[in-house]
Amino acid sequence: MKRALIVTGGGDCPGLNAVIRAVVKRASQEKDWEVLGSIQAFNGVLWEPTEVKILTPDLVRGIHFQGGTIIETTNKGGPFAWPVKNNDGTYSAVDRSDEMIRKIKYMGIDAVINIGGDGSQRISQALYEKGLNVIGVPKTIDNDLSSTDSTFGFQTAVEIATEAVDKLVTTAASHNRVLVVEVMGRYAGWIALNAAVAGGAEVCLIPEFPYDINIVKEKLEARFSRGRGFAVVVVSEGAKPIGGEMVFEKSNEVGYENLRLGGISHQLIRQLKSIGFEPDMRETVLGHLQRGGIPIAYDRVLSAQFGVKAFEMALAGDYGKMVAYRHPYFVSVPLSEAIAQPNLVTLDNALVKTAKGLGISLGF
Ligand code: F6P
């Protein structure tokens, strides 16, 4: 019997279960393969006792439209930085990757399918370099992985953010206010830019283009005449003013290495007030609402395609690669290429041109 081990790592994302189901369903067409799932990314393998479960077609039946991941996930620690408590109560990060690879091989696993974002795919590449048969699947609502036209989960997040803009437009108009909605995306402005275009926002601020607060003020003032008017601003959590910093907090959660972004919408309102912008303003932070719940049909389809292709890569022994969508094909690209540089919004991007063509201010 051959075995594939599925791992879901990093922040959760709509479509994870649809990928898991697709891998299991495709594998069930082969007589000599079974699929296992490690609980909470690689923790399930690293824990003693091990927490790995057999993923049968029965177990994954109907999960394609469930949010989250049935095998859980984590964005803390991992095989290369396993947190160990010292005598003085502090934690040190220990590299347990060799031990984990031995354990995975001892478990008779032929292929590891690691479904995750850039951090997870860096782990995939490092494990591959150490001799593990890894295949990556690009997951993230941020859409910040290059080498693929799109990651799964992203379009669902855009849908949720757009729905929020639609709702905020009506309350903004009723109250003659500026409503600022803060969306996720980390260092990439894709969710913000797509939601701003789809929802018809007046201003969209993203991390790639630091904003000039006076330009934002001018744009918003043009929407008001004799105190009446309204506007919606979409701001990405990683946006920052020219010469300024992103708004973040360092986390004290053990093993959590990311910056916790958040609060730019509040800061933007304070900045606008401080330079004399008078209309009322309110902020809405969408946060994890963008990651929870059911994937839209587009993401279910994309996840299914990624899952089937990932298993077929295992069948072909095509390791050290990530599944990538390059319309209209699903191809495999070296993990090293997939993590080489992030997918960020650039000035020459077609959607940036469209946003400008619609009169959306990008703050510069
Ligand atoms: O990378 C996905 C993402 O949702 C980002 O958009 C966000 O900054 C981050 O994860 C939040 O992660 P956490 O689950 O640690 O709050």
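Numbering of residues starts from 1 in every chain and runs along the sequence as written. Side-chain atom pairs in this predicted model are given and counted only at pLDDT of 80 or more, local residue features only at pLDDT of at least 70, and totals for whole chains, interfaces and linings cover all residues. Where side-chain values are given, they derive from all heavy atoms of the structure, hydrogens and water being excluded.

1. Description of helix α6 (residues 154-175)
Operational definition: Where helices and strands are cited, they refer to DSSP runs of H or I of at least four residues and of E of at least two residues respectively, numbered from the N terminus. A helix is expected to span 1.5 Å for every residue after the first. Under the scheme applied here, a residue whose accessible area is under 20% of the maximum for its type counts as buried, over 50% as exposed, and between as partly exposed, the area being computed with a 1.4 Å probe on protein chains only.
If you check α6, its first and last C-alpha atoms are 31 Å apart, about what 22 residues at 1.5 Å a residue would give, namely 32 Å. Restricting attention to buried positions, one finds in α6 the residues Phe-154, Thr-156, Ala-157, Val-158, Ala-161, Thr-162, Ala-164, Val-165, Leu-168 and Ala-172. A positive backbone phi angle near 50° is found at Asn-176, which sits one or two residues after α6.

2. Examining the domain arrangement of the chain
Note on interface size: it is often stated as the accessible area lost on association of the parts. Operational definition: Where each domain begins and ends is defined by an automated method or by a domain database. Whether two residues are in contact is decided by their heavy atoms: any pair within 4.5 Å suffices. What counts as buried area is the accessible surface, traced by a 1.4 Å probe, that two parts surrender upon association, with contributions from both included.
Annotation of the chain at the domain level lists domain 1 (2-152 + 295-327) and domain 2 (154-291 + 346-357). The centre of domain 1, based on its C-alpha atoms, is set 32 Å off from the matching centre of domain 2. Facing the 21 residues of domain 1 at the interface are 17 residues of domain 2. If you sort the residues of domain 1 by the area they bury against domain 2, Lys-76, Ile-141 and Asp-142 come out on top, with a joint share of 35%.

3. Side note on the packing of aromatic side chains
A ring pair, where both rings are aromatic, is described by two values, the distance of the centres and the angle of the planes. Formally: Any two rings among Phe, Tyr and Trp, with Trp reduced to its six-membered ring, count as a pair given centres within 6.5 Å; such a pair is stacked if its planes are under 30 degrees apart, edge-to-face if over 60, and tilted if neither.
Overall, the coordinates contain six aromatic pairs when judged by the stated rule. Between Trp-33 and Phe-311, the ring centres sit 5.1 Å apart and the planes meet at 85°, which makes this aromatic pair edge-to-face. Highlighted residues: Trp-33 in strand β2 (residues 33-38) and Phe-311 in helix α10 (residues 297-316), separated in sequence by 278 residues. Residue Trp-33 is classed as buried on the basis of its relative accessible area of 8%. Geometrically, the ring pair formed by Phe-224 and Phe-277 is edge-to-face, given 6.1 Å between the ring centres and 85° between the ring planes. Of this pair, Phe-224 sits in strand β10 (residues 224-225) while Phe-277 is found in the loop between α9 (264-274) and β15 (280-285), placing the two residues 53 residues apart along the sequence. Its relative accessible area of 12% is what places Phe-224 among the buried residues. A network of ring pairs unites the aromatic residues Phe-152, Phe-306, Tyr-325 and Phe-330 as a single cluster.

4. Describing the site of the ligand
Rule in force here: Any residue with a non-hydrogen atom lying within 4 Å of a molecule or strand is treated as near it. Any pair of N or O atoms that falls within 3.5 Å is considered a polar contact. Within protein, one atom must be able to donate a hydrogen and the other to accept it, and sequence-neighbouring residues count only if both atoms are side-chain atoms. Note that accessible areas follow from Shrake-Rupley with a 1.4 Å probe, and for residues the cover is restricted to the protein chains shown.
Every residue lining the ligand is accounted for by Asn-75, Ile-141, Asp-142, Met-184, Gly-185, Arg-186, Glu-237, Tyr-256, His-288 and Arg-291. A distance of 2.6 Å is found between an oxygen atom of the ligand and a side-chain nitrogen or oxygen belonging to Glu-237. Taking His-288, its side chain carries an N or O atom lying 2.8 Å from an oxygen atom of the ligand. Contact with the protein chains covers 83% of the free accessible surface of the ligand, which is 400 Å².

5. Some remarks on the packing of helix α1 (residues 16-27) against α10
Condition: To get an axis, fit a line to the C-alpha atoms, keeping to the stretch in contact for a helix; angles then go from 0 to 180 degrees between the N-to-C directions. For classification purposes, angles smaller than 35 degrees are called roughly parallel, those larger than 145 roughly antiparallel, those between 65 and 115 roughly perpendicular, and all remaining angles oblique. Should the near helix be turned anticlockwise from the far one by less than a right angle, the crossing is left-handed, and should it be turned clockwise, the crossing is right-handed. Residues are grouped as follows: nonpolar covers Ala, Val, Leu, Ile, Met, Phe, Trp, Tyr, Cys and Pro; charged covers Asp, Glu, Lys and Arg; every other residue, Gly included, is treated as polar.
Close contact between α1 and α10 brings their axes to 7 Å; oriented N to C, the two are set at 45°. Accordingly, the angle class assigned to the pair α1 and α10 is oblique. Between α1 and α10 lies a crossing of right-handed hand. Counted together, Ala-18, Val-19, Ala-22, Val-23, Arg-26 and Ala-27 of α1 and Arg-300, Ser-303, Ala-304, Gly-307, Val-308, Phe-311, Glu-312 and Leu-315 of α10 form the full contact between these two elements. Class assignment for the residues of the contact of α1 with α10 results in nine nonpolar, two polar and three charged.

6. Points about the pattern of salt bridges
In plain terms, the rule: What makes a salt bridge here is a side-chain nitrogen of Lys or Arg within 4 Å of a carboxyl oxygen of Asp or Glu, nothing more.
Summed over all chains, the structure comprises 13 salt bridges. Of the charged contacts in the structure, one is a salt bridge between Arg-61 and Asp-58, with a shortest N-O distance of 2.9 Å. Since its relative accessible area comes to 60%, Arg-61 is described here as exposed. The salt bridge partner of Arg-96 is Glu-99, with a shortest N-O separation of 2.6 Å. Within the structure, one salt-bridge network assembled from shared partners comprises Arg-26, Glu-30 and Glu-312.

7. Description of the packing of helix α8 (residues 213-221) against α9
Relative orientation of the contacting elements α8 and α9 amounts to 80°, with a least axis distance of 10 Å. Considering their axes alone, α8 and α9 lie roughly perpendicular with respect to each other. Taking contact as the criterion, the partners of Ile-213, Val-216, Lys-217 and Leu-220 in α8 are, on α9, Leu-268, Gln-271 and Leu-272. Broken down by class, the residue content of the contact of α8 with α9 amounts to five nonpolar, one polar and one charged.

8. Concerning the side chain of Gln-290
For Gln-290, the location among the structural elements is in the loop between β15 and α10. There is a polar contact of 3.0 Å between the side chain of Gln-290 and the backbone nitrogen of Met-184. Here Gln-290 is in contact with Pro-14, Ile-141, Ala-157, Ile-160, Val-183, Met-184 and Ile-191, once residues within four sequence places are set aside.

9. Thoughts on the sheet that holds strand β12 (residues 231-236)
Where we set the bar: At least two DSSP bridges between two strands are required for those strands to pair.
Pairing is parallel across the open sheet formed by four strands, whose spatial order is β9-β12-β8-β15. Each of the sheet's edge strands pairs with one partner strand only, and the pair in question is β9 (203-205) and β15. On average, each strand axis in the sheet is tilted by 15° relative to the strand beside it, whichever way the strands run. As paired elements, β9 and β12 share three bridges and run parallel to each other.

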